[in-house]
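# Summary of the model geometry
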Amino acid sequence: MSVSGTDDWWRGAVIYQIYPRSFADHSGDGTGDLPGITERLPYLAELGVDGIWLSPFFTSPMKDFGYDVADYRDVDPTFGTLADFDALLARAHELGLKVIIDQVYSHTSDQHAWFAESRSSRDNARADWYVWADPKPDGTPPNNWLATFGGVSWTWDAHRQQYYLHNFLPEQPDLNFHNPQVREAILEVARFWLDRGVDGFRLDVANFYFHNAALPDNPPAGNHERRPRRAYTYQQHLHDHTQPENLAFLAELRAVLDSYGARMTVGEIGAGFDVSAEYTRGRNRLHTCYNFTLLNARTLDATLIANALEPWNAVDAWPSWSFSNHDVPRATSRFGRPEDPAFAKLLIALLVTLRGTAFLYQGEELGLPQAEVPFEALQDPEAINNWPHTLGRDGARTPMPWQRGAPHAGFSKATPWLPVDPAHDALAVSRQDLDPDSVLNFTRRLLTARRSLPALIAGDIEFLPAPDDTILFRRAMARQSILCAFNLSATAVRIPSIRKPGAMTVIDSGLTGTLDGAHIALDAWQGCLVQLETGQS
């Protein structure tokens, strides 16, 4: 079964995230590009994913590596041209792969033409396209809001004699979504890419579009002594994002996408279940979204998974999940098992059997750990600003290892923008291709099996009682019912099943758990998928 032939192709799809700077370098300048991605698309089709998500490739001064957009409608020369993008899109569609692209709507680069005009005076045509505010009588910023990357959220502009708002870097001024002209300009950007044929958008910080126009202070969060070493976490962010007006704009955006047919949006939500569900409930908001419940987790256990998944059963909304992406340390390292292929396989199997759309980050199918990047080689402003208190984002963004033993693991002929970790070279695609037990070949086998199991794609989920350090849930759809059992420990376990012997069959998925009478037997960090006979209780 494939999900790619329906309007709801995204529901239960497995989408592979590509960080363009680090995936494949065609030009040989040390930075990944769109032609490089196009050359590697057959690899992704063979892997068995349903589509790809491309992180930003738009014109940008790269202060935040593409999340500071200077031209929404063009490709940065680092990555190629619009013609290169069109070629990538056409090739992906030939291979049956959907393509969703990042859209960064909450802010632009300070090099964007809109901002250059806006800051030129207080009475130009775009004077109100960004969030400008007068200082307090003592010259300080208009309120106490803090930026996520550090420091206050306001930067003084000497020409306008006002502050402008930025939730991220000072080079990323926030657009003023209270201005209807801004909203229409953004919808025109969406139409531009939909007209080119993209299948959907990943919406960066989708709950950050609107701010409280009255600019009240945020209240303190409390419990400072237990908080990470970031000033941002010392506030309750009640007024700088997640405002009620956001939902009305998402309805406008959804109407645009619906007018193009089988398109989708997945939002990045920097909040928990309540906001995530609100932003995806019904048919006039986001199609789906992900939050950071699993991305920020440092311990993998059954309670984490059940608490994240179960609330979604009670709402008319479809979630998405990922363990790794370009913004967080790679999951195998974050969970403390960076060199264990069994654990890497477990994470992939768990991810693609949960109810929701699965996002697989590049290199996750190889079991890549977080790369070691020395301070002098860091590029990411977030990593530099918070050194050494976090693992940073650069260690999750290093080049994809394609050829073991080749210069820079086959990513580029030139010195890459971030160094290749020797540990990644040892896990290169060329090596894993030849190993039938590799994480790569396991992923291929599992995704192939999943395509013929509709219950794993779009079925309901029910969590069942299981021993400590294990997780057991049932996915069911129509007349198909599948038990998914996972051992989240280094000790072999036996899980009592819910069916009598003979009423269950192990699915050939690459997972090595077995049936032992009325029990499911799992080795350390292992799983098992079991087909249940229909009509059995």
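Please refer to the structure placed before this passage.
Rules of the game
- Residues numbered from 1 in each chain as written.
- Predicted model: local features only at pLDDT ≥ 70, side-chain atom pairs only at ≥ 80, totals over all residues.
- Heavy atoms only, no water.
- Helix = DSSP H or I, 4+ residues; strand = E, 2+ residues; numbered from the N terminus.
- Rg over C-alpha atoms; globule rule 2.2 N^0.38 Å.
- Buried < 20%, exposed > 50% of the residue type's maximum accessible area, 1.4 Å probe, protein only.
- Pairing = 2+ DSSP bridges.
- Contact = heavy atoms within 4.5 Å.
- Axes fitted to C-alpha atoms, helices over the stretch in contact; angles between N-to-C directions.
- Salt bridge = Lys/Arg side-chain N within 4 Å of Asp/Glu carboxyl O.
- Core = buried A, V, L, I, M, F, W, Y, C linked by side-chain atoms within 4.5 Å.

Moving on to the overall build of the protein. Scanning the protein from terminus to terminus reveals 14 helices and 21 strands. By the compact-globule yardstick of 24 Å for 537 residues, the protein fits well, its C-alpha radius of gyration being 23 Å. Over its C-alpha atoms, taken along the principal directions, the protein stretches across nearly 75 × 50 × 50 Å. Counting the 537 residues in the protein, one finds 59% classified as buried.

Even without a glycine there, the phi angle at Val205 is positive, about 35°. Considering the arrangement of structural elements, one finds Val205 in the loop between strand S9 (200–203) and helix H5 (245–258). Relative accessible area serves as the criterion here: at 9%, Val205 is assigned to the buried category. Positive phi outside glycine occurs at Ala478, with the angle close to 50°. Mapping Ala478 onto the fold places it in the loop between strand S15 (470–477) and strand S16 (480–487). Overall, Ala478 belongs to the exposed group, its relative accessible area being 87%.

Read from one edge to the other, the open sheet built from 3 strands follows the order S6-S8-S7, with strand pairing classed as antiparallel. Either end of the sheet is taken by a strand with one partner, and the two such strands are strand S6 (132–133) and strand S7 (154–157). With 2 bridges joining them, S6 and strand S8 (residues 162–165) adopt antiparallel strand pairing. Opposite Trp132, over in S8, you have Tyr164 as the bridge partner.

Moving on: the sheet that holds strand S2 (residues 51–54). With parallel pairing, 8 strands are arranged side by side in an open sheet as S11-S10-S9-S5-S2-S1-S13-S12. The open sheet has two edge strands with one neighbour each: strand S11 (288–290) and strand S12 (320–321). When strand S1 (residues 14–18) meets strand S13 (residues 357–361), the two strands line up parallel, connected through 4 bridges. Counterpart to Gln17 in the pairing with S13 is Tyr361. In the packing of helix H1 (residues 34–47) onto the sheet, the strands contacted are S1, S2 and S13, and the crossing angle to S1 comes to about 150°.

On to the pattern of salt bridges. Throughout the structure, instances matching the rule amount to 26 salt bridges. Linking Arg202 and Glu268 is a salt bridge whose minimum nitrogen-to-oxygen distance equals 3.3 Å. Remark: Glu268 occurs in strand S10 (residues 264–268) and Arg202 occurs in strand S9; sequence separation between them is 66 residues. Each member of the pair Arg202 and Glu268 is classed as buried. Between Asp316 and Arg283 there is a salt bridge whose closest N-O contact spans 3.4 Å.

Attention now goes to the pairing of strand S21 (residues 527–532). Here S21 lies mainly inside the structure; 5 of its 6 residues are buried. Both S16 and S21 contribute to a ladder of 6 bridges, which runs antiparallel. Paired with Ala485 across the strands is Cys528, a residue of S21. As defined by bridge partners, strand S18 (residues 504–506) adjoins S21 across 3 bridges and the pair is classed as antiparallel. For Val506, the partnering residue across the bridge sits in S21 and is Val530.

One recurring pattern in soluble globular proteins is that nonpolar side chains are buried together. Residues Tyr16, Leu44, Leu300 and Ile305 are the most contacted members of the largest nonpolar core, which totals 143 residues. Excluding its chain neighbours within four sequence positions, the residues that come into contact with Leu300 are Ile305, Phe323, Phe335, Phe343, Leu346, Leu347, Leu350 and Leu488. Counting residues in hydrophobic clusters, the runner-up holds 12 residues, among them Leu472, Ile520, Leu522 and Val530.

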